[in-house]
Amino acid sequence: MSNTQWSDRQVSTWKTKVGLAEQLKGGVIMDVVNVEQAKIAEDAGAQAVMALERVPADIRADGGVARMSDPEMIEAIKKAVTIPVMAKCRIGHFAEAQILEALGVDFIDESEVLTPADDEFHVWKHDFRSPFVCGARNLGEALRRIGEGAAMIRTKGEAGTGDVVEAVRHMRTIVGDIRRVQSLGREQLMTEAKNLGAPFELLLEVATTGRLPVPNFSAGGIATPADASLLMQLGAEAVFVGSGIFKSGDPAKRARAIVDAVAHYKDAKKLVEVSRNLGEPMVGINVSSMDPTQKIAGRGW
Amino acid sequence: MKNIGVLSLQGGFEKHLGMVARCGARGVEIRYSRELHEVDGLILPGGESTTIGKLLDRNGFIPEIQKLLSKNFPVFGTCAGTILLADTIEGSTQVKIGGLPITIERNAYGSQVDSFESLLEIELSNPITFPGVFIRAPRITFLGKGVETLSVLDDDPVFIRYNSIIAATFHPELTTNLAIHDYFIRNIV
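The sections below set out a description of the structure shown in this document. (Residues numbered from 1 in each chain as written. Chains lettered and ligands numbered in written order. Predicted model: local features only at pLDDT ≥ 70, side-chain atom pairs only at ≥ 80, totals over all residues. Heavy atoms only, no water.)

With that settled, consider the packing of aromatic side chains. Working definition: an aromatic ring pair is given by the centre-to-centre distance plus the angle between the planes. Residues and elements named next belong to chain B. Taken as a whole and assessed by the stated rule, the structure comprises nine aromatic pairs over all chains. Residues Phe76 and Phe184 carry aromatic rings whose centres are separated by 5.4 Å and whose planes lie at 45° to one another, so their mutual orientation is tilted. You can see Phe76 sitting in strand β4 (residues 75-78) and its partner Phe184 sitting in helix α5 (residues 179-188), a full 108 residues away along the chain. Each member of the pair, Phe76 as well as Phe184, carries the same accessibility label: buried. If you follow Arg34 out to its NZ or CZ, it ends over the ring of Tyr32, 4.5 Å from the centre. Its guanidinium or amino end placed over the ring of Tyr109, Arg139 lies 4.5 Å from that ring's centre, counting from NZ or CZ. (Phe/Tyr/Trp six-rings, centres within 6.5 Å; stacked < 30°, edge-to-face > 60°. Helix = DSSP H or I, 4+ residues; strand = E, 2+ residues; numbered from the N terminus. Buried < 20%, exposed > 50% of the residue type's maximum accessible area, 1.4 Å probe, protein only. Lys NZ or Arg CZ within 6 Å of the ring centre and 35° of its normal.)

Dropping the structure here:
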């Protein structure tokens, strides 16, 4: 019998939340809308799935209000796979987040892909036992979300387009912001915190360590193994693929190829091998031709 | 200087590489089986055991690691790494390496919201207190012959040794305590 007392044991700590994000490095998290897709994703080597009723491309096409998914469907996916299951709540909708926590989802994505419930405030994520992932376009936004309790950051990109340009922009911006902050003197950091709208203590940590205090993943427009490799080489520590897999011609093959591409993202020969004969990619939307009102990355602040 | 390989296909490899460097050894990212022959010991990190298992299989690692284990090559498994080394995974037919005569149950403490931290008493060269971080942790439900228990939590073994293998169900790489990595590098490798 161990001598450890009950009081020495703490459940759902910051360390266990960020710790799970650490275990998800170097892999792919895939959007799935049913049990069948979840199994295809797991068989392909997905390290986690995002359970939702419609992939972002369909949310875009259907219009209307996009909300948290049916608990029944999330639960069915949880039962069908052994890998972690994530689910999305609307920005600021802490009641949806409470429901997802009660369901025992492994990560809650407070996501701009759904219609925001609060145009002023995000969820106070420290209150939850479930870890949260949030989207960000720059360092200030990333640190605001971490300040509220996010245990993982992902680029917002432009979900449901299959166009990687916004994810690239956001990853380059975050990495560039971090480099700039590292080059600043201590006396410049308070002004920088004010300009970025970032919590000062977190900015100080970034200036010292040269990295975000939580893992930094990429999402929003990744559709091919080459896209995944590009974002990994730009500094992403893992990737989310939303519509890119199940809106393509051969989801099982493409899913596996993207998993292999992330594991060997620096190996161009491997990328040649896995990029062959994947069938039709998702058709996609060119972000530069989109009406600004159709873009969702601007949701949240 | 000892070269310590850290399997870097998926999972918590980066923190392990940091721990190895802080112990004064050279950490080597292992992404191809041929790289196994350049290191003196191997760390199998946490992560998703199904994902890592598939990537090991697709990249020809499994027979190579099995061959090394049969020659008492030093291996340190944490969480998913321990699952992959287990001879039996309860209720699962997933790809694994095997070689460690134990039975293990995946996600035995519940889902992520049940992940926890707990202090552990560990028998290394001297007994130490160690901060155990358990994340979607597995539980060792059966120990085969020759497996030595180095730490328990609620009567369940959480840290074990078998020949040249040490294996934990928790995540020493998420702490700042180097004792376990140091023990592996100095006493096993």
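From this point, things continue past the structure.
Another point: the pattern of salt bridges. Overall, the coordinates contain 32 salt bridges over all chains when judged by the stated rule. Between Glu141 of chain A and Lys156 of chain A there is a salt bridge; the shortest N-O distance is 2.7 Å. Of this pair, Glu141 of chain A sits in helix α6 (residues 139-147) while Lys156 of chain A sits in the loop between β7 (152-155) and α7 (165-183), placing them 15 residues apart in sequence. You'll find Glu141 of chain A and Lys156 of chain A in the same group, each marked buried. Three or more residues are tied together by salt bridges with common partners; here these are Glu22, Lys25, Arg211 and Glu237 of chain A together with Glu14 and Lys15 of chain B. (Salt bridge = Lys/Arg side-chain N within 4 Å of Asp/Glu carboxyl O.)

Moving on, we get to the sheet that holds strand β6 (residues 100-105) of chain B. Think of a sheet as strands paired side by side through backbone hydrogen bonds, with each pair either parallel or antiparallel. All names here are of chain B. Here three strands make up an open sheet; going across it, the order is β5-β6-β9 and the pairing mixed. If you trace the sheet from one side to the other, it starts and ends with β5 (86-89) and β9 (139-143), each paired once. Neighbour to neighbour, the strand axes of the sheet diverge by 35° on average, direction disregarded. Bridging between β6 and β9 involves four bridges; their strand directions are antiparallel. Paired with Ile104 across the strands is Ile140, a residue of β9. (Pairing = 2+ DSSP bridges. Axes fitted to C-alpha atoms, helices over the stretch in contact; angles between N-to-C directions.)

Turning our attention to the nonpolar core. Looking at soluble globular proteins, one finds that nonpolar side chains tend to be buried together. The biggest cluster of nonpolar side chains holds 81 residues, and the ones touching the most others in it are Leu100, Leu231 and Val239 of chain A together with Leu56 of chain B. Not counting residues within four places of it along the chain, the set of residues in contact with Leu100 of chain A comprises Met68, Ile74, Ala87, Lys88, Cys89, Val105 and Ile108 of chain A. Counting residues in hydrophobic clusters, the runner-up holds 42 residues, among them Leu52, Met152, Val181 and Leu212 of chain A. (Core = buried A, V, L, I, M, F, W, Y, C linked by side-chain atoms within 4.5 Å. Contact = heavy atoms within 4.5 Å.)

Attention now goes to the sheet that holds strand β1 (residues 10-11) of chain A. Taken in spatial order, the three strands make up an open sheet running β1(A)-β7(B)-β8(B), and their pairing is antiparallel. The strands lining the two open edges of the sheet, one partner per strand, are β1 of chain A together with β8 (127-134) of chain B. Relative to strand β7 (residues 116-123) of chain B, β1 of chain A is paired through two bridges, and the arrangement is antiparallel. Bridging across to β7 of chain B, Val11 of chain A finds its partner in Phe116 of chain B.

What follows concerns the interface of chain A and chain B. Contacts between chain A and chain B engage 49 residues on the former and 44 residues on the latter. With both chains or domains summed, chain A and chain B bury close to 3700 Å², and 47% of this area falls on carbon and sulfur atoms. Taken as a group, Arg9, Lys15 and Gln23 of chain A account for 18% of the area that chain A buries against chain B, more than any other trio of residues on that side. At the junction of chain A and chain B, the tally comes to seven salt bridges. Glu14 of chain B is the partner of Lys25 of chain A in a salt bridge, and the nearest nitrogen-oxygen pair spans 2.7 Å. (Buried area = accessible area lost by both parts, 1.4 Å probe.)

Residues and elements named next belong to chain B. Summarising the element assignment, Ile62 is placed in helix α3 (residues 61-70). In this structure Ile62 comes out as buried when scored by relative accessible area, which is 11%. Along the chain, Ile62 and Thr51 lie eleven residues apart, while their C-alpha atoms are 14 Å from each other. Beyond its immediate stretch of four places on either side in the chain, Ile62 contacts Leu56, Asp57, Val95, Lys96 and Ile97.

Our next topic: helix α12 (residues 251-263) of chain A. Residues spaced three or four apart along an α-helix face the same direction, because each turn holds 3.6 residues. All names here are of chain A. The end-to-end C-alpha separation of α12 is 18 Å, in line with the 18 Å expected for 13 residues at 1.5 Å each. Extensive coverage of α12 is indicated by the burial of ten of its 13 residues. Regarding α12, the residues found buried are Pro251, Arg254, Ala255, Ala257, Ile258, Val259, Asp260, Ala261, Val262 and Ala263. (Expected span 1.5 Å × (residues − 1).)

Residues and elements named next belong to chain A. Burial of strand β4 (residues 85-90) is extensive: six of the six residues sit out of reach of the surface. By the alternation rule, side chains of β4 split into Val85, Ala87 and Cys89 and Met86, Lys88 and Arg90, which are all buried. Bridging between strand β3 (residues 48-51) and β4 involves three bridges; their strand directions are parallel. Looking across to β4, one finds that Met50 is bridged to Met86. Pairing between β4 and strand β5 (residues 107-111): five bridges, direction parallel. Note that in β5 the partner of Lys88 across the bridge is Asp109. A crossover connection joins β4 to the parallel β5 through helix α5 (residues 94-103); in handedness this β-α-β unit is right-handed. (Right-handed = clockwise from strand over helix to strand, strands pointing away.)

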